[in-house]
Every structure is written in structure tokens, then in C-alpha cells.
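Given next are the chains, with one letter for each unit.
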There are 2 protein chains.
Amino acid sequence: MRATAARQGSLREHNLGLVLRTVLDVRAAHEPPPSRADVAAATGLAKATVSALVDRLVAGGLLAELAPAAPLRAGRPAVPLTAPTATLAAIGTEINVDYLGVRVVDLAGTVLDERIARTDLRGSDPAATLAVLGSLVEEVAGTAPSLVGTALALPGLVDRSSGVLRLAPNLGWRDVDVTRALSEASPTLAAHPPMLANEADLAARAESAARHVAGQDRPSFLYVSGEIGIGSALVLDGELFGGRHGWAGEVGHTVVADGRTLEQVAGQDAMLRAAGLEPGAGLDALVAAAERGRASATGALEVAGSALGLALANVVNVVDVSDLVLGGTYARLARWLREPVLAALRSHVLAAPWAEPHVDVALAGELPAMTGGALAQLGRVLADPADWLSEP
Amino acid sequence: MRATAARQGSLREHNLGLVLRTVLDVRAAHEPPPSRADVAAATGLAKATVSALVDRLVAGGLLAELAPAAPLRAGRPAVPLTAPTATLAAIGTEINVDYLGVRVVDLAGTVLDERIARTDLRGSDPAATLAVLGSLVEEVAGTAPSLVGTALALPGLVDRSSGVLRLAPNLGWRDVDVTRALSEASPTLAAHPPMLANEADLAARAESAARHVAGQDRPSFLYVSGEIGIGSALVLDGELFGGRHGWAGEVGHTVVADGRTLEQVAGQDAMLRAAGLEPGAGLDALVAAAERGRASATGALEVAGSALGLALANVVNVVDVSDLVLGGTYARLARWLREPVLAALRSHVLAAPWAEPHVDVALAGELPAMTGGALAQLGRVLADPADWLSEP
DNA sequence: GGCATAAGTTCATTCATACAACTAATCCCG
DNA sequence: CGGGATTAGTTGTATGAATGAACTTATGCC
């Protein structure tokens, strides 16, 4: 119930966005690039209207005309429309517990460039780490086309209004003025202050886009991000649910049993310990042990899966989604986690008999939060193309 | 991202709704009824446009002109606009564990009529109970102005597409075709099939409206409904969050400790038992005992409050709201529950230091779910007034 | 080469809002 | 009591966006 008066111009802006999204959406679904006529048919707008809007978008650099394909049937051949290659891009960045990275994505969703540095950042110095990230951004910014915006995914609670990272338990960071530090380290980030968000939230955005491309129209799911910590994010009808301050999804800090949080039971370190491995052994060691069928490892995963399932059952009871998506490290462990999670869901979710719970593995590729951040910024263009027409 | 082409008419419909909502909203905030000029100033629309739209709304019966108030200052006196009295109404109904009722509410939010029957409906016969509800609806339908729609609040899981009540644990009902039974019992409900929804969801709508009237513009809160069972509903920026199927908010069936659900620890029966009272003693007995300071009662409430607080902390970690509203029986117990709930929130909510949790008592009046159901139906008129202009 | 077919363009028409001038109804003040 | 100031609401013209029908362009098919 947006309380804005709709003037004549609003109409045009709305339809401009509609046309742009229609062209890019059809592309996403692996259909051939649409023509002006296709767009008119899909939107219900008159051909003349679509032509005018498309012309404006092409002139503004938000759409491109392709060379006509070899015509198959009678009639004047259509001019196919697509996203312009590499004219507009966004940079998604991420600092997580065991890596940090930068990724450039354009309007078509293509990854143009990326830099990833794997290091253990637990207890690291925020200033130094942010300086590294800033320099990675500068490395890619040179080759990048004109920027829509930037985003930074963090494993913690972020204050989006002030640009301060409030708390990242697994990094050991607290009240870090991330935006300021980055703007000093990188002219690019100074010019385009990053949108700060939780890692799981942005990963879920990428997952939503991936599922859209895979054919799910407006997917609804709970994304569970197992990194060193455990985060989650809810997507409903393709829309991310962020809560009041964007702090939704902290399942990891949910209490599962006798005062212990889920992270203390099913976090990576806890699983390693329960499997009888050294804390520093890493995920690979756990996967290897489980693959060899070692009872200590599979048993630990069973216990972790049950706890995860219980925590997720509580979440599902409260937010009502039936599709759970395992991402991050949980994606690699899905083979062993799925069954105990499903069992917990079936027995604790009140609505389970009428909405059979599903547990899927994430479709989005490696390090989805960086992609998700970039997509979030690119989404601003789709939402309101008029703002991006003339000025680059 | 609604995928609809905006034609010229969409503009008009949008602004028509905007004008209607502006008039009713200003009324809600206890300001004097606005004139056409006030609406123009508030919306940013031109005076001429507002006049045209208001005229249409008045002609269609969705707005009414009042007699000009005694003018206070120079200038032509304004014509005040309000909701028309008793021309359009909705019926909200409810079946709960210990009562059932019917309420008629008009566009101005005034309760025009109601019938409430208090009985214990645990293990009752669905057909008989629904027949009683149907007859109550018929009683009030005669006097009611033209109907926008009807709603039915139920303490359980409802399948809104098929109109079947899937499960109401505390009634002992399962897979009851409520819509069909009611349409046979009541011609009014046959003509206006009720919107089925969870009791807590509709109560939260009423609470949202009450908070809006109280001056909170677009309130965000988690409503916790303590009836015989425990339900909850999330309102974000004035909008109810229902989840995928409308089954969100089942905190009562959340697991809090060693496999026990919240209802088994903090439900009304559990509290009575813990306080050493008979299960049938009722809420009044518990309140009386607590007021007399009996340790068994206050102790039981302390325990229940802690469990409730823990469950709510888990919810808050996942959905990120900081205002909790105690409704239903919990409103009467708030004096004793508030502190333990707050304590649990402070220690278990990750974001608590940056978003101080609040625990309020519900503002909406008695049996808010009935009001909320009616308001939900009336909201359809506000959302799209064009549909309701000519035909009644 | 002519006909059918489909894509895209041109142009007059429609319709909702904006803007400005105007009328209406009141208070204030001499 | 009458004129000026002030505010509400109306009237009429202009603007801008979408529409629909006619038209042009570009192709395949026979």
C-alpha cells in the first residue's frame, strides 16, 4: 500500500520496467530471445507501445538488438532482444570466515571477473582484511563496465542504515565501520558504497535466481547456509524476507537443547569434534571420513542432522515453507544430513502431512553470496530502469 | 514485481484507492475528517483530480460528505469527508475452543452487531457447531448493510484453497469441510463463502489496525495469541506475513525442551496444572491465585514465561522483530509473564543489544479475531474500490 | 513474380492528470 | 454594511501515454 500518487509518468515507468523484465525473464527461462512482438504478446501491451519503450531502452543501453536469426517461417523476421553484453555491471563482494572475494556480474547474469582469496579470518584484524578486500575491488574495477552498485556479504549482523557491522561472532568482529574503512581502501567503493547484508540473505538471492533459471517461476524456500556458522534466509514467491532490520534468519543462534544453540551442536567445528577429528581438520576430512563409512563421522552427521532438523522444524512451524535448500558446506554433506533432517521435519512440523517437506541441495554455484549481492544491485535497474537510462 | 501491463485505467484505479485510503486513514489517526483540499495536499494529486475521484467515490457509496463544520477561519468552508455509515459491511466469525461468535463491522470500523456464545467446544461435533455458527450469521445478516464478504477464524490449520479445516488439535477436529457445512447452514455464507484463516492471523490484523489508530503508522510486531492453544502471527510494516499456505505462526507446536512443545509447557492447561489447580478451573482461577500472591501460581507463571520467552527468542532470531504483543489470555497474564519473557529474549536473541525487545499488551479489544476477519474483507474494498462502486 | 504472413511503424483517438483561471463561501476590518 | 482577504472547490484547456487501425517492410512459399 505505497502511498504515492500515480501521475502519467508513473505509468510509463512501470511499463518500461515491465518490458525490460519481460525480455530478461524470457532469456532466463532458456527460451530464444524475444522480439518486440513477443514482448507485446507477453505483457498485453500494444505493439506500438512496446516498440516505443524498447527503443528507449535500447537507446539508453539497457537492452540490445541482436542480428536477426535465420528466419524459419514466412513474414518479416523478428529482431531479437537481449541484455546488452558488459555495459552495466555490479560488484558483489564477501568476507567470510575462511575466504574473501570479489565478483563482477553484468545485466545478463554473466560473471565477468572475480578474485577469491582463501584464508582463515577468525580473529583477523578488520582494518587489514578490509584493505585487502578494497584492493581486490580495485583490481577488477578497472576492467568492469559502468557500475550499478556494490554489495558486501558478511557472516553476521549488519546495520544497513549506518553501514556498520554490529557483530560477526565467527570472525570475532564487533562494531566495525565497514563502509568507512572500505571507502578509504577503494575509490570504487567510495563512489559506490556497498550494500551490506548477511551472507545467507545474499546467497539465498542467488539461489532464488538459479531456481528461476531452472524453471521455478517464483520459488519459495528456506535457504540454510552452513559455513563456519549457520545462517538461513527465507525466500517467498521469489522475494527475500529480511525482517525488520535485515537480521532475520539467525537459526544458528536458536536454542535447540538444554541451552545449547544450533551452532554449538551442528556447526562445522562441533561436527568435526563429534567425529573425533581435529578442529582444524576442515570439511574435507569430515567428508572423507564419512565416505569411508567411519561410524564416528556418520554418527556425528546423524546427530548434527537431527539437531538441524529440529531447529528447522521450529522455523518451518513459524514461517510455513516446505522446501528447504541446503547450501554452503551443508550442500556437500547433504547425502548424510538429508534423512535425519527430513525425519525431524516429518515428526515435528505440524503441517507436514499436508505440505510434504523437501530437502534439496543448492543450485547456485560456488560462493553464491557474491553473486547474490551483485544480483541485488542489478535488481535495482530492473525495478526502475528509468533512472539508469541516460547517465553512465 | 507484479507482471501486469499498466493501462490508462490502472492509473485511475490506483489513485481512486489512494484517495479512499487517505480519507479513511486520516480518520483513523483521530484527526478531523479531511476535505477534498486536504486529500489533495496529502496525496500530491491536483485538486481537480481529487475532486473528480471523490465525486465518483461519493456517488458509488464508498465515501460520504458530512455537513460543513462551523468554519473557524476565513475562506470557503470545507466539506468534510468520511466513511459512509452502515452502507457496506463485512462479517467476521470465529470458532474457538471455548466460544464461538459473529461480528458485523462497517467501513468505518464500527461494530454494528455481534453474537457470542460461550461453550466448551473441545471434542464437539463439527456439523452441529457449524450449524450454530450458521444460524448466528443468519441472525445478524438481516440487519446488516450490503456485504463485502465474510471470514472465519479457526484455531488450527486451514486449507484456504479448498475451504477445508485440516487440523484443529484443541478442538479435536480434522479434515472438516467447513465451507460446505456453513453454506448449507446459512444462505448468507453460501452467497459469501468465508475466508478461512487462523485465529492468530486475524487477531493480528485487528491488532495492526488498533495500533494504526493508536498512532503507529505501519506497525511491526509479533502477535502472540494465548487461547487454549498458542498461536502467533507476524506483522511487518502493517502487512500480515502468512507464509506459503497461511500456516505460519505455529509457535505452540515448536519444541522448547526435551521434546516437549511450547503448548505442553505454557499452554493454559499446563499452567493450571503447574499452579496446582484443576484443569477445568479456568483462567480466572489462575489470575485470582496469582493476584493473591500464591507461590504455586506465580511460580507456574514464571516457568511458563521462561518457556514462552525461549520459544519467542527463537522466533525473533529467525524473523527479526523486536516488538512482541501478548494477546488473548496472555494479555491478562502479562503482569507476571512480561519479566521472564523479556529476560529470555535479552539472553537468547542475538540482535537484542541493538534492537531492544519490547513486550506489550494487545490493544485490540475483546475477541479480536472476529474483528480482524471483518477488517480483512473490508480491506479488499480499500485495495480496489473500483470493483465496489456501482453494484451492491 | 505474386500472394500469404509476420514484424514493426505511423497517426489519429482516447483518457486521466495537470495547470490556471474562475466561482463560491466564509471571516475580518473599517 | 460593504469591500478585501482567504480558502474550497469547479471549469476548461493542455499534456502525455497507451490504443487500434492502417500502413510499410521483409521474408517464405508456390
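Residues numbered from 1 in each chain as written. Chains lettered and ligands numbered in written order. Predicted model: local features only at pLDDT ≥ 70, side-chain atom pairs only at ≥ 80, totals over all residues.

Chain A appears in an unreviewed UniProt entry as ROK family transcriptional regulator from Cellulomonas rhizosphaerae. Under Sequence similarities (unreviewed entry), UniProt gives the following word-for-word description of chain A: "Belongs to the ROK (NagC/XylR) family." (UniProt positions renumbered as here; feature names shortened; annotations may be inferred.)

1. Considerations on the overall build of chain A
If you tally the helices and strands in chain A, you get 13 helices and 17 strands. With the C-alpha coordinates of chain A rotated into their principal frame, the extents come out at 70 × 55 × 45 Å. Within chain A, counting contacts between residues at least 6 apart in sequence, those at least 24 apart form 66% of the total. (Helix = DSSP H or I, 4+ residues; strand = E, 2+ residues; numbered from the N terminus. Contact = placed C-beta atoms within 7 Å.)

2. Concerning unusual backbone geometry
Here the phi dihedral of A:L367 falls at roughly 50°; this positive angle occurs in a residue that is not glycine. For A:L367, a count of 21 C-beta atoms within 10 Å gives the class buried. (Buried ≥ 20, exposed ≤ 12 C-beta atoms within 10 Å, placed from the backbone.)

3. Here's the deal with the pairing of strand β11 (residues 221-226) of chain A
Residue and element names in this part refer to chain A. Within β11, six of the six residues are buried, which leaves it mostly tucked inside the rest of the structure. By the alternation rule, side chains of β11 split into F221, Y223 and S225 and L222, V224 and G226, which are all buried. Where β11 and strand β16 (residues 323-328) come together, five bridges link them in parallel fashion. Note on β16: the bridge partner recorded for G226 is G328. (Pairing = 2+ DSSP bridges.)

4. Regarding the nonpolar core
As a rule of thumb, soluble globular proteins bury nonpolar side chains together. Grouped together as the largest cluster of nonpolar side chains are 265 residues, with contacts concentrated most on A:V19, A:Y223, A:L312, B:V19, B:Y223 and B:L312. For B:L312, the residues in contact, after removing those within four places along its chain, are B:V224, B:L324, B:V341 and B:L345. (Core = buried A, V, L, I, M, F, W, Y, C linked by C-beta atoms within 7 Å.)

5. Considerations on the packing of helix α4 (residues 126-141) of chain A against helix α5 (residues 178-185) of chain A
Residue and element names in this part refer to chain A. Relative to each other, α4 and α5 sit at 50°, their axes nearing to 8 Å. The orientation of α4 relative to α5 falls into the category oblique. Crossing of α4 against α5: the hand is right-handed. Packed against α4, whose contacting residues are P126, A127, L130, A131, L133, G134 and S135, the element α5 presents V178, A181, L182 and A185 at the interface. Taken together, the residues that form the contact of α4 with α5 break down as nine nonpolar, two polar and no charged. (Axes fitted to C-alpha atoms, helices over the stretch in contact; angles between N-to-C directions. Parallel < 35°, antiparallel > 145°, perpendicular 65-115°, else oblique. Left-handed = near helix turned anticlockwise from the far one by under 90°. Nonpolar A, V, L, I, M, F, W, Y, C, P; charged D, E, K, R; others polar.)

6. Thoughts on the pairing of strand β11 (residues 221-226) of chain B
Residues and elements named next belong to chain B. Two elements, β11 and strand β12 (residues 230-236), share six bridges in a ladder whose sense is antiparallel. Bridge pairing in β12 links G226 to I230. Hairpin connection, β11 to β12: the antiparallel pair is bridged by three residues.

7. A short note on the relation of the copies chain B and chain A
When chain B is fitted onto chain A, the two copies agree to an RMSD of 0.1 Å after a turn of 180° and an axial shift of 0.0 Å. Such a combination of rotation and displacement between the chain copies is what one expects of a two-fold axis. In terms of proximity to the rotation axis, the leading residue of chain B is B:A257, whose C-alpha is 3.1 Å off the axis. By residue overlap, the copies meet face to face through one surface: 100% of the interface positions of chain B are interface positions in chain A. (Least-squares fit on C-alpha atoms with pLDDT ≥ 70 in both.)

8. Regarding the interface of chain B and chain A
Each partner contributes residues to the interface: chain B has 42 residues there, and chain A has 42 residues. Of all the secondary structure elements, the ones that give two or more residues to the side of chain B that touches chain A are α1 (8-28), β7 (157-159) and α11 (295-319) of chain B. If you tally residues by element for the side of chain B that touches chain A, the top one is α11(B), at six residues.

9. Describing the protein's contact with DNA strand C
Surveying the vicinity of DNA strand C reveals 32 residues, the closest of which are A:S51, A:G75, A:R76, A:V79 and B:R76. Among the residues forming the surface near DNA strand C, the class breakdown is 15 nonpolar, nine polar and eight charged. (Near = placed C-beta within 6 Å.)

10. Here's the deal with helix α4 (residues 126-141) of chain B
All names here are of chain B. Its 16 residues place the ends of α4 22 Å apart at the C-alpha level, agreeing with the 22 Å of an ideal helix rising 1.5 Å per residue. Within the span of α4, buried status applies to P126, T129, L130, L133, G134, L136, V137 and A141. The arc enclosing the buried residues of α4, seen along the axis, measures out at 160°, which places them on a common side. Projecting away from the buried face of α4 at angles above 90 degrees are the exposed residues A127 and A128. Those residues of α4 hidden inside the fold are in contact with β3 (88-95), β4 (100-106), β5 (111-117), β9 (173-176), α5 (178-185) and α6 (187-191). (Expected span 1.5 Å × (residues − 1). Arc of directions from axis to C-beta.)

11. Let's talk about the domain arrangement of chain A
By a widespread convention, an interface's size corresponds to the accessible area lost as its parts come together. You can read the domains of chain A as domain 1 (8-82), domain 2 (88-201 + 368-388) and domain 3 (216-361). Relative to domain 3 of chain A, the C-alpha centre of domain 1 of chain A lies at a distance of 42 Å. (Domains from an automatic or database assignment.)

12. Describing the protein's contact with DNA strand D
Close to DNA strand D lie 31 residues; B:S35, B:S51, B:G75, B:R76 and B:V79 are nearest. Elements that contribute at least two residues to the surface near DNA strand D include exactly α1 (8-28) and α3 (47-59) of chain A together with α2 (36-43) and α3 (47-59) of chain B. The element that contributes the greatest number of residues to the surface near DNA strand D is α1(A), accounting for five residues. Its residues placed into classes, the surface near DNA strand D shows 14 nonpolar, nine polar and eight charged.

13. What about the sheet that holds strand β5 (residues 111-117) of chain A?
Residue and element names in this part refer to chain A. Pairing is mixed in the open sheet, where five strands are placed in the order β5-β4-β3-β6-β10. Each end of this open sheet is capped by a strand with a single partner; those strands are β5 and β10 (195-198). Direction aside, the axes of adjacent strands within the sheet are offset by 15° on average. Contacting β3 (88-95), β6 (146-154) and β10, helix α7 (residues 199-213) crosses the sheet at an angle of about 95° to β10.

14. A few points about the environment of B:P71
Assignment of secondary structure puts B:P71 in the loop between β1 (64-65) and β2 (81-82). Between the C-alpha atoms of B:P71 and B:D284, which are 213 residues apart in sequence, the distance is 52 Å.

15. Side note on helix α13 (residues 368-383) of chain B
Residue and element names in this part refer to chain B. The end-to-end C-alpha distance of α13, which contains 16 residues, comes to 22 Å, matching closely the 22 Å that a straight helix rising 1.5 Å per residue would cover. With twelve of 16 residues buried, α13 lies mostly within the body of the structure. Where α13 is concerned, the buried positions are P368, A369, M370, T371, G372, G373, A374, L375, A376, Q377, L378 and V381. Against the buried residues of α13 lie β3, β4, β6 (146-154), β10 (195-198), α7 (199-213) and β16 (323-328).

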